[in-house]
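Here is how the chains run, residue by residue.
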Amino acid sequence: MLSSRTLSKNLASVVRQGRSLARRNYGLPASAIGLGTDPRKDKNIQLTPLRGVNIIHDPLLSKGTAFSIAERERLSIRGLVPPRCQEMEKQLLRIKRNLDALETPLAKFVFLSALQDRNETLFYKLLINYLDELAGIIYTPTVGEACLMSHSIYRRSRGMYFSSQDRGAMSAMVHNWPHDEVDVIVVTDGSRVLGLGDLGANGMQIPIGKLSLYVAAGGIRPRSVLPVVLDVGTNNESLLHDPLYLGMGHPRLDGEEYYSFVDEWVTAVHSRWPNALIQFEDFKYPHAYNLLNKYQDKITCFNDDIQSTSAITLAGILASLKARGRSQETLNEERIICVGAGSAGVGVCEGIVDAMVAQGRVNSRDEAYSRIWMLDQHGLLGNPALNTNDPQSIVGGGERMSKLDERQKCYVKADMTDRLSLEEVVEQVKPTVILGLTGVPGVFSEKAIRTMAKYQEKPIVFPLSNPDTRAECTAEEAFKWTDGRAIFASGSPFPDVNLPNGRVGRTNQCNNSYSFPGLGLGITVSRASRVTPNMFLETAKTIADMASPQQLKEGTLFPGVHYLRDVALAVGTRVCEVAFEEGVATAVLKEGEMLSDVVEGSMFVPEYVPLVHAPNAH
Ligand SMILES: NC(=O)C1=CN([C@@H]2O[C@H](COP(=O)(O)OP(=O)(O)OC[C@H]3O[C@@H](n4cnc5c(N)ncnc54)[C@H](O)[C@@H]3O)[C@@H](O)[C@H]2O)C=CC1
Ligand SMILES: CC(=O)C(=O)O
Ligand SMILES: [Mg+2]
């Protein structure tokens, strides 16, 4: 097998030597191609068939007030913009001032969406410069509010909608998208948007927000991302009765009708963009799993909520072990409670089980399952036969058992009563780790967390549901109930907490935004034909090792959101290596530089490049 260093050299060489040929014949993404003799591939100029107002109104080309005088002449826009040519720094100043003057996060969201629709280069420059401040606007928590209000705040379309009225037309419709090169597609059916439930076509803000992070953090080019909603209806009564709602006004398709709809869409996008990575997002259980099982061995795809959430949560637990002064190899000694047995809960726990097995310190997969106690809305997945003093519960429990699917059944504890409450489970199990993936606020009760803290010096408390209003407990609560001893991570950001002893309770954001941008980067640069389980495991290990010993000592598990681009580069490089090691990369190898340089060199940087009018360019 080739060493990753050799692989790094090899891939880089293709990029250096192959240029446009590599792209045509070898399937390298356009973003991995450097300067070449063909001016259309030259990063220092961009050819466009557009001119005049069409340039000004194209967000991928527009520079607002920054067009040079020569460019204005060349592109026939002289007189169509104010006379003074202003460079990006000044534009940023104006934009940031206007943004800061807005009072509510939703107003900022609308403002940023409008900027993205006018000038993507400036939007991404701003986003990257102020990532820690703005990630919470374009992503969770504010994107949740934007989804709830999407039909009211609608201004302009972005992405593509495929609805029940488009049956039979999808393979033609995909050609309405104006770009031939699509590297990443994020698709939702809006059936479980964050912890906010069924929001139908309003869910479009989620793929848009995820893809903005793909560009800002993962360095995917803005013109090669595609947000998609599969509008199969909604069961949300208030949306169905809202005259402003923009989605289909019928209940959700289900069963065979649903799966054949998705199949038509997958076939259509795959036929136009066979190399594109498809990220399934916010699909309700069990559709999320069923679609993943159906497509993961056929196309390049993964489910974000199941798989990349599992990567970042595993990273958080492994980093917490280090923060407690333990070896990451002792994962199998942890006692983990997972509250929420849906897509994310089961996905996260499968990742933990995979890691325990990979570490080789459990004798079997079953032994790894025995270290995890799972609860759903009825309580512990336990043994109904032990509910002897409550015949009603035996019946209910029996019914539930028959409803659990194979994945959930792995976690059933035969020696514990079914439906035990969280407080009872905590008392019996004395967990070291508690994970919340329910979408239900307050599920981590004071009693449960205080009981956990009675037995653990440093309880690992991860309320992972989004947005912040759906977190299982707040950071304040977690630190208060554990006397400031918790290692805390949440799905949406919470500010650090000032503790009574003068110390600071450090909060962490444990969100798949740390994992998917790098996964997408590595997958697209290697042109991986499949997304493999090892990619998620290696993503977890990479992120788990990023915090310094001092940060870990203080309770900081990951680099801050400001460093998402660095995290993506590290993850992207490792994922690219895994793709080659496992033989799923389709990029061609020759001698060359380091893989990390290639990955870094392929990342989009938001800078204005001179535009040149060329009638035949595309
Ligand atoms: N931090 C992150 O990166 C991520 C967070 N999430 C969050 O996880 C949550 C769940 O997502 P999915 O698993 O996809 O949803 P899902 O609908 O598939 O699963 C939710 C589960 O919670 C259980 N549940 C509901 N009420 C409960 C209660 N009171 N006590 C215990 N269990 C209860 C349900 O029975 C179900 O098993 C969402 O809020 C989502 O925002 C999801 C993906 C990534
Ligand atoms: C973060 C995310 O993917 C979710 O909450 O669904
Ligand atoms: Mg999600």
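- As recorded in an unreviewed UniProt entry, the protein goes by Malic enzyme and comes from Parasitella parasitica.
- Taken from UniProt, the Sequence similarities (unreviewed entry) comment for the protein reads in full: "Belongs to the malic enzymes family."

1. Considerations on the overall build of the protein
Point 1. Of the regular secondary structure elements, the protein holds 26 helices and 16 strands.
Point 2. Sorting the 618 residues of the protein into buried and exposed places 60% on the buried side.
Point 3. Considering only residue pairs separated by 6 or more positions, the protein has 73% of its internal contacts joining residues 24 or more positions apart.
Point 4. Summed over all atoms, the accessible surface of the protein reaches about 24,700 Å², with 51% contributed by carbon and sulfur.

2. Re the site of ligand 2
Point 1. Taken together, Y139, R192, L194, K210, E281, D282, D304, D305, N466, N511 and N512 form the complete shell of residues around ligand 2.
Point 2. Interatomic distance of 2.9 Å between a side-chain N/O atom of D282 and an oxygen atom of ligand 2.
Point 3. Using a 2 Å cut-off from the grid points, one finds that ligand 2 occupies the second largest pocket.
Point 4. Looking at the shell around ligand 2 residue by residue, the class counts come to two nonpolar, three polar and six charged.

3. A closer look at the layout of surface pockets
Point 1. In this structure, the second largest pocket occupies an estimated 1,200 Å³ of space.
Point 2. Around the second largest pocket, the lining is made up of 48 residues, and of these A341, G342, S343, L437 and T438 lie nearest the centre.
Point 3. The biggest single contributor to the lining of the second largest pocket is helix α17 (residues 391–403), with four residues.
Point 4. Class assignment for the residues of the lining of the second largest pocket results in 15 nonpolar, 20 polar and 13 charged.

4. Structural notes on the UniProt feature "binding site: a divalent metal cation" (unreviewed entry) in the protein
Point 1. Cross-referencing UniProt, the feature "binding site: a divalent metal cation" (unreviewed entry) maps to E281, D282 and D305 in the present numbering. For this annotated set, covering 25 residues, all C-alpha atoms fall within 6.7 Å of each other, a compact arrangement in space. Within the annotated group just given, the residues that line the second largest pocket are E281, D282 and D305.
Point 2. In this structure, D282 sits in the loop between β5 (277–280) and α13 (287–295).

5. Concerning the packing of helix α6 (residues 120–129) against helix α10 (residues 205–216)
Point 1. One way to put it is that α6 packs onto α10 with a least axis distance of 10 Å and a crossing angle of 80°. Between α6 and α10, the crossing angle belongs to the class labelled roughly perpendicular. Residue-level contacts link F123, Y124, L127 and I128 of α6 to L211, S212, V215 and A216 of α10.
Point 2. Looking at the contact of α6 with α10 residue by residue, the classes come out as seven nonpolar, one polar and no charged.

6. Considering the domain arrangement of the protein
Point 1. One can read the domain layout of the protein as domain 1 (158–299) and domain 2 (307–510).
Point 2. Relative placement of domain 1 and domain 2: their C-alpha centres are 30 Å apart.
Point 3. Taken together, the contact pairs twelve residues of domain 1 with 13 residues of domain 2.
Point 4. In this assembly, domain 1 packs against domain 2 so that about 910 Å² is buried in total across both faces, 51% of it on carbon and sulfur atoms.

7. As for the side chain of N512
Point 1. Tracing the backbone shows N512 in the loop between β15 (507–509) and α22 (516–526).
Point 2. Here N512 falls in the buried class, since its relative accessible area comes to 7%.
Point 3. One polar contact links N512 to Y139, side chain to side chain, over a distance of 2.9 Å.
Point 4. At 3.0 Å, the side chain of N512 and the side chain of T309 are in polar contact.
Point 5. Apart from residues lying up to four places away in sequence, N512 is in contact with Y139, K210, D304, D305, S308, T309, I312 and P517.

8. Digging into the sheet that holds strand β6 (residues 301–303)
Point 1. Spatially, the five strands line up as an open sheet ordered β2-β4-β3-β5-β6, and their pairing is parallel. A strand with exactly one partner marks an edge of an open sheet, and here the two such strands are β2 (160–163) and β6. Mean inter-strand twist for the sheet, computed between neighbouring axes without regard to direction, equals 20°.
Point 2. Pairing geometry for β5 and β6, over three bridges, is parallel. Across the sheet, residue Q279 finds its bridge partner in β6, namely F302.

9. Structural notes on the pattern of salt bridges
Point 1. Scanning the model with the defined rule gives 37 salt bridges in all.
Point 2. Of the charged contacts in the structure, one is a salt bridge between E71 and K63, with a shortest N-O distance of 2.5 Å. A single burial state applies to E71 and to K63, both of which are buried.
Point 3. For D405, the salt bridge goes to R407, with nearest N and O atoms at 3.0 Å. With respect to burial, D405 and R407 carry one shared label: buried.

Definitions and cut-offs
Residues numbered from 1 in each chain as written. Chains lettered and ligands numbered in written order. Predicted model: local features only at pLDDT ≥ 70, side-chain atom pairs only at ≥ 80, totals over all residues. Heavy atoms only, no water. UniProt positions renumbered as here; feature names shortened; annotations may be inferred. Helix = DSSP H or I, 4+ residues; strand = E, 2+ residues; numbered from the N terminus. Buried < 20%, exposed > 50% of the residue type's maximum accessible area, 1.4 Å probe, protein only. Contact = heavy atoms within 4.5 Å. Areas by Shrake-Rupley, 256 points an atom, 1.4 Å probe, with all protein chains shown as cover. Near = heavy atom within 4 Å. Polar contact = N/O pair within 3.5 Å; in protein donor to acceptor, adjacent residues only side chain to side chain. 1 Å grid on protein atoms, 1.4 Å probe; cavity = no way out; pocket = protein on both sides within 12 Å on 5 of 7 lines; lining within 4 Å. Sits in = over half its atoms within 2 Å of the grid points. Nonpolar A, V, L, I, M, F, W, Y, C, P; charged D, E, K, R; others polar. Points joined across faces, edges and corners; volume = space filled by probe spheres on them. Axes fitted to C-alpha atoms, helices over the stretch in contact; angles between N-to-C directions. Parallel < 35°, antiparallel > 145°, perpendicular 65-115°, else oblique. Domains from an automatic or database assignment. Buried area = accessible area lost by both parts, 1.4 Å probe. Pairing = 2+ DSSP bridges. Salt bridge = Lys/Arg side-chain N within 4 Å of Asp/Glu carboxyl O.

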